[in-house]
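# Breakdown of the fold
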Amino acid sequence: AQRVTQPEKLLSVFKGAPVELKCNYSYSGSPELFWYVQYSRQRLQLLLRHISRESIKGFTADLNKGETSFHLKKPFAQEEDSAMYYCALSGLELWSGGSNYKLTFGKGTLLTVNP
Amino acid sequence: DVKVTQSSRYLVKRTGEKVFLECVQDMDHENMFWYRQDPGLGLRLIYFSYDVKMKEKGDIPEGYSVSREKKERFSLILESASTNQTSMYLCASSSDRGRSFGPGTRLTVL
């Protein structure tokens, strides 16, 4: 079974402060991890995925298989970073029609960056 | 970039009505998905389809059905809407392990 845990429902920081959104996962196979972001009144969109090893909008996330974590970090938060952030795990699952990749989401963390 | 569109942004229906939510993608993706998004619960998978006329139940299929007659279109059907189906419904498509999402339909069942 796949499980994603985001322990913080709400996170509030001041502009310019570092921010870390926590994500832990449980999966016995080889996972692919993602961070999705949803800004106010916009559609859910991919922020980054661990296999890309990119920095998007100043955010980075490193997959730590030993700690089964994929925390999202940014050294200096900006007001425009205020949004809902979802961590997600893609793992292979068996369905009645065969195997396919299931994407399991955490419950989300609402980040507020205060001026 | 994949374009995923949903037929309505807002929908208000009455208890017991049959409701159709339509989703169209323009990138020839095999896989399409329906999620519902609720505060504090995140996104939960209702149904998905990996090919035309093929469907699989997700984590919360009860009270829902789906239809995929054409590759680009995936419909979610609420046979008899109930108040606990008031939610934001998100459609997505993919060709790999990620997802591209539509704008969502906020459904209110009175």
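The structure reproduced in this document is the subject of the present report. (Residues numbered from 1 in each chain as written. Chains lettered and ligands numbered in written order. Predicted model: local features only at pLDDT ≥ 70, side-chain atom pairs only at ≥ 80, totals over all residues. Heavy atoms only, no water.)

## Comments concerning the overall build of chain A
If you tally the helices and strands in chain A, you get zero helices and eleven strands. The C-alpha atoms of chain A give a radius of gyration of 14 Å, which matches the 13 Å a tight globule of 115 residues would have. The principal-axis extent of the C-alpha atoms belonging to chain A is close to 50 × 30 × 25 Å. The buried share of chain A, taken over its 115 residues, is 47%. Nonlocal contacts in chain A, meaning residues at least 24 apart in sequence, comprise 59% of its contacts between residues at least 6 apart. As displayed, chain A has an accessible area near 6000 Å², and 51% of this comes from carbon and sulfur atoms. Looking at chain A, you have 14 positive and 10 negative side-chain charges, and the mean spots of the two groups are 5 Å apart. (Helix = DSSP H or I, 4+ residues; strand = E, 2+ residues; numbered from the N terminus. Rg over C-alpha atoms; globule rule 2.2 N^0.38 Å. Buried < 20%, exposed > 50% of the residue type's maximum accessible area, 1.4 Å probe, protein only. Contact = heavy atoms within 4.5 Å. Areas by Shrake-Rupley, 256 points an atom, 1.4 Å probe, with all protein chains shown as cover. Lys, Arg positive; Asp, Glu negative; His and termini not counted. Charge placed at Lys NZ, Arg CZ, Asp CG, Glu CD.)

## Some details on the interface of chain B and chain A
Counting from both sides, the interface comprises 22 residues of chain B and, opposite them, 23 residues of chain A. Of the roughly 2000 Å² buried at the junction of chain B and chain A (both faces included), carbon and sulfur atoms supply 48%. At the junction of chain B and chain A, the tally comes to one salt bridge. Here Asp59 of chain B ties to Lys102 of chain A by a salt bridge, and the two come within 2.7 Å at their closest N and O atoms. Secondary-structure elements contributing two or more residues to the side of chain B that touches chain A are β4 (31-38), β5 (42-51) and β6 (54-57) of chain B. When the residues that make up the side of chain B that touches chain A are grouped by side-chain class, the tally is ten nonpolar, six polar and six charged. (Buried area = accessible area lost by both parts, 1.4 Å probe. Salt bridge = Lys/Arg side-chain N within 4 Å of Asp/Glu carboxyl O. Nonpolar A, V, L, I, M, F, W, Y, C, P; charged D, E, K, R; others polar.)

## So, the sheet that holds strand β3 (residues 19-21) of chain A
The strand order across the open sheet formed by three strands is β3-β8-β7 (chain A), and the pairing between neighbours is antiparallel. Single-partner strands in this sheet number two, and they are β3 and β7 (60-61) of chain A. (Pairing = 2+ DSSP bridges.)

## Some details on the environment of Ala81 of chain B
All names here are of chain B. Mapped onto the elements, Ala81 comes out in the loop between β8 (73-78) and β9 (87-94). Here Ala81 falls in the buried class, since its relative accessible area comes to 2%. Along the chain, Ala81 and Leu41 lie 40 residues apart, while their C-alpha atoms are 20 Å from each other.

## Some remarks on the sheet that holds strand β1 (residues 4-6) of chain B
All names here are of chain B. Sheet architecture is open: four strands sit in the order β1-β3-β8-β7, paired in antiparallel fashion. Two strands lie at the open edges of the sheet, namely β1 and β7 (65-70), each paired on one side alone. Here the average twist between neighbouring strands, direction ignored, is 20°. With three bridges connecting them, β1 and strand β3 (residues 19-25) associate as antiparallel partners. By the bridge assignment, Thr5 is partnered in β3 with Val24. (Axes fitted to C-alpha atoms, helices over the stretch in contact; angles between N-to-C directions.)

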